[in-house]
Amino acid sequence: MKSSFSHLIGALMVCIIVSIGYGMWYVAISEKSMAVEKLQNVIDTKTETVSRIATTRATLAGVANDETVVQGYFVPETKVVTFIDSLETHGKTQGAIVKVLSVSTTGTTAQPTLSLSLVISGTFDAVMRTVGTIEYAPYALSISTLSVLRDAKDSWHADLKVLVGSLSAIRAESATTALIPFSSTHVIF
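This structure is a prediction, so every number in the text was calculated from the model and none was measured. (Residues numbered from 1 in each chain as written. Predicted model: local features only at pLDDT ≥ 70, side-chain atom pairs only at ≥ 80, totals over all residues. Heavy atoms only, no water.)

Undergrad: Looking at this structure, I do not really get the overall build of the protein chain. What am I missing?
TA: Assigned secondary structure in the protein chain consists of four helices and five strands. Across the protein chain, helices and strands are ordered from the amino to the carboxyl terminus as α-β-α-β-β-α-β-β-α. Within the span of the protein chain, comprising 189 residues, buried residues form 26% of the whole. The contacts of the protein chain with a sequence gap of at least 6 include a subset with a gap of at least 24, amounting to 64%. Surface exposure of the protein chain reaches about 12,800 Å², of which carbon and sulfur atoms provide 65%. (Helix = DSSP H or I, 4+ residues; strand = E, 2+ residues; numbered from the N terminus. Buried < 20%, exposed > 50% of the residue type's maximum accessible area, 1.4 Å probe, protein only. Contact = heavy atoms within 4.5 Å. Areas by Shrake-Rupley, 256 points an atom, 1.4 Å probe, with all protein chains shown as cover.)

Undergrad: I tried to follow a nonpolar patch on the surface on my own but got confused; where do I start?
TA: A surface patch of nonpolar side chains, amounting to about 530 Å² of accessible area, comprises Phe5, Leu8, Ile9, Met13 and Ile17. Among the secondary structure elements, leucine 8 is positioned in helix α1 (residues 2-71). (Patch = residues over 30% accessible without salt bridge, like charges linked within 9 Å, V, L, I, M, F, W, Y side chains within 5 Å. Salt bridge = Lys/Arg side-chain N within 4 Å of Asp/Glu carboxyl O.)

Undergrad: I'm lost on helix α3 (residues 124-135) in this one. Help?
TA: Each turn of an α-helix holds 3.6 residues, which means side chains three or four residues apart point in the same direction. The terminal C-alpha atoms of α3 lie 16 Å apart, and with twelve residues this matches the ideal 16 Å at 1.5 Å per residue to within 8%. For α3, the set of buried residues is Ala126, Val127, Thr130, Val131, Gly132, Thr133 and Ile134. Summarising the contacts, the buried residues of α3 are in contact with α2 (80-93), β2 (97-107), β3 (112-122), β4 (141-152) and β5 (155-167). (Expected span 1.5 Å × (residues − 1).)

Undergrad: Honestly, the packing of aromatic side chains in this entry has me stumped. Any pointers?
TA: Aromatic ring pairs are reported here in terms of the distance separating the ring centres and the angle at which the planes meet. Tallied over the entire structure, the rule returns four aromatic pairs. Relative to tyrosine 139, the ring of phenylalanine 83 has its centre 5.1 Å away and its plane inclined at 80°; by these criteria the two rings are edge-to-face. Pair noted here: phenylalanine 83 is in helix α2 and tyrosine 139 is in the loop between α3 and β4, with a separation of 56 residues, a long-range link. The burial state of phenylalanine 83 is the same as that of tyrosine 139; both residues are buried. In textbook terms, an aromatic cluster arises when at least three aromatic residues are bridged by ring pairs, as seen for Tyr22, Trp25 and Tyr26. (Phe/Tyr/Trp six-rings, centres within 6.5 Å; stacked < 30°, edge-to-face > 60°.)

Undergrad: It is not clear to me how the confidence of the model for the protein chain should be interpreted in this structure. Could you clarify?
TA: Caution applies to low-pLDDT regions: their predicted coordinates should not be interpreted in detail. This prediction gives the protein chain a mean pLDDT of 84; 88% of its residues lie at or above 70. Every residue in residues 175-180 is under pLDDT 50, and counting partners more than four places away or in other chains gives 16 contacts. Confidence over residues 183-189 falls short of pLDDT 50; this stretch has twelve contacts with residues more than four positions distant or in other chains. (pLDDT = per-residue confidence, 0-100.)

Undergrad: Help me understand the nonpolar core in this model?
TA: Generally speaking, nonpolar side chains in soluble globular proteins are found buried as a group. Phe83, Leu116, Leu118, Ile120 and Val164 are the most contacted members of the largest nonpolar core, which has 23 residues in total. Contributing elements (two or more residues each) for this core: α2, β3, α3 and β5. The element best represented in this core is β5, accounting for five residues. (Core = buried A, V, L, I, M, F, W, Y, C linked by side-chain atoms within 4.5 Å.)

Undergrad: Got a minute to help me understand the pattern of salt bridges in this structure?
TA: Where charged atoms from two side chains of opposite charge approach closely, those side chains can pair. Within the structure shown, the criterion is met by two salt bridges. Taking the shortest distance from any N to any O, the salt bridge between arginine 52 and glutamate 48 comes out at 3.2 Å. Residue arginine 52 and its partner glutamate 48 are both found in helix α1; the two are separated by four residues, about one turn of the helix. When the shortest N-O distance is used, the salt bridge between aspartate 125 and arginine 129 registers 3.1 Å. Here aspartate 125 pairs with arginine 129, and both are found in helix α3, just four residues apart, close to one helical turn. On the basis of relative accessibility, which here comes to 47%, the residue aspartate 125 falls in the partly exposed class.

Set out below in structure tokens:
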């Protein structure tokens, strides 16, 4: 009997030692799991931050492209002569003569505008096509006054005042855009 009792005590001791070892091993693994979970949370947070930064950069790049496109609809102060030349050229292509009587700046410093007084001469058809080409040009442009008068049998002229959105010299330098050429294809008759 002594042998079975000693076997029982031995088995019980082994069982207790194994249970204690298992408990210590479980505690160590639990601590390591919590440390891994904390590291995973830090990694997830940093990954989310990097993702937000990348999204913000992509958005800013898109906004910069949109800003460049929008600024193309305004005439920089440094390109006024080019704009006037393009008006005269478009008049010639329509068969009319465009004369710029005056150019002045209006508006505020935040939103400057150019005010142009024009006279367009030619046949009625040529004058009206030229007015349409100017009106539908790809610029922030509006015709504030327009009067069409008949000079002779086939000779007409239109007096018009055009307001065009402008960019100050400082903003125009940062825009690095050129004037968008406009053509009579923008006008539908």
